[in-house]
Structure formats: structure tokens, C-alpha cells
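# Structural overview
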Amino acid sequence: SASATFFASTSPTHNPPLRSVLLTITTVIWGIRLGSYLFYRILHTKHDSRLASLFPPTPDSPWTTDRLLKLAMFWTLQSAWSFIVLLPVTACHALPISWHLAHPVGLPAVFFLWVWSAGFVLETA
């Protein structure tokens, strides 16, 4: 995950780059918000309609190969989506400290932090 890459790439001898810290904080906050929402939703609805057709309706219903393949595809696509979305964050964490020093956080980063904040507020409202 991007957070694991961040912590693995930081050294105890120097502070992590501001860009990496901002990316990690925003990613973790968004993940906590999304996870909290999904947990809240499942507590209130008691089921996930997206997965209803994949799980047997009763304990004595058999697990068919078709169901297992659909469930595997669902989780594989979800994992692939998470991997693709986190690639820019992971790539930023992999950059050497010298790159971060040569390219300080500037106006574009402030703009995109504002865009992230606006999206966060709009999505949670």
C-alpha cells in the first residue's frame, strides 16, 4: 500500500518530504472516510446488494464454481482498481529525496490540496 511505501521510504535520519506527507495524510483520511461509510452502510442495511447474487442464500445452498469465479472476479477487479488509484502516491514515495529537494511543494500542490478538500467535503455532505 502507499502508506507502507511511505513508512518504508522514510529514514530516521531526515524528515520525510512534505509532498509525501501530504499524499499519505490525504490517502489515509480518504480511506478512513470510505471504510467508515461502508461499515455504517452495512450495519444499517444488513446486506450488500452487489454481493447478494454471489453468496448462497441459505447455509445449505452449494457453492458453485460459477459463484466462486464471480466472487474472485469481484475482489480481483476491486484490488486492481485500488492498485491503479494508488500508483501515483506510491510513485511519489519512491522518488529520491534529492528530487523532492529540487522540486519543492508550490502553488500546484496547494491547488490540488484545495481540489481534494472540496471533493472530500462534497462527497461527505
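Look a little higher up for the structure.
The structure reproduced in this document is the subject of the present report. (Residues numbered from 1 in each chain as written. Predicted model: local features only at pLDDT ≥ 70, side-chain atom pairs only at ≥ 80, totals over all residues. Heavy atoms only, no water.)

### Re the pattern of salt bridges
Heads up, the condition is: A carboxyl oxygen of Asp or Glu within 4 Å of a side-chain nitrogen of Lys or Arg is what we treat as a salt bridge. Secondary structure is summarised from DSSP: a helix means a run of H or I of at least four residues, a strand means a run of E of at least two, and numbering begins at the N terminus for each. The buried label goes to any residue with under 20% of its type's maximum accessible area, the exposed label to any with over 50%, and the partly exposed label to all in between, with areas taken from a 1.4 Å probe on protein chains only.
Enumeration according to the criterion identifies two salt bridges in this entry. When the shortest N-O distance is used, the salt bridge between aspartate 66 and lysine 70 registers 3.5 Å. Of this pair, aspartate 66 and lysine 70 both sit in helix 3 (residues 65–94), four residues apart, roughly one helical turn. Using a relative accessible area of 47% as the deciding quantity, one classes aspartate 66 as partly exposed.

### Thoughts on the packing of aromatic side chains
Applied cut-off: Working definition: a ring pair exists when centres of Phe, Tyr or Trp rings (six-membered ring for Trp) sit within 6.5 Å. Plane angles under 30 degrees give stacked, over 60 give edge-to-face, the rest tilted.
In this structure the tally under the stated criterion is five aromatic pairs. Ring centres of tryptophan 116 and phenylalanine 120 lie 5.2 Å apart, and the angle between their planes is 15°; on these two criteria the pair is classed as stacked. One end of the pair, tryptophan 116, and the other, phenylalanine 120, are both in helix 5 (residues 107–124), four residues apart, so they sit about a helical turn from each other. Linked through ring pairs, Trp30, Trp116 and Phe120 together constitute an aromatic cluster.

### Focus: helix 2 (residues 18–45)
Stated precisely, the cut-off is as follows: How far a helix is expected to stretch is found by multiplying one less than its residue total by 1.5 Å.
In this model, helix 2 (28 residues) spans 40 Å end to end at C-alpha, consistent with the 40 Å of a helix rising 1.5 Å per residue. Within helix 2 the residues assigned to the buried category are Arg19, Ser20, Thr24, Thr26 and Arg33. Of the residues one or two after helix 2, lysine 46 is the one with positive phi, at around 70°.

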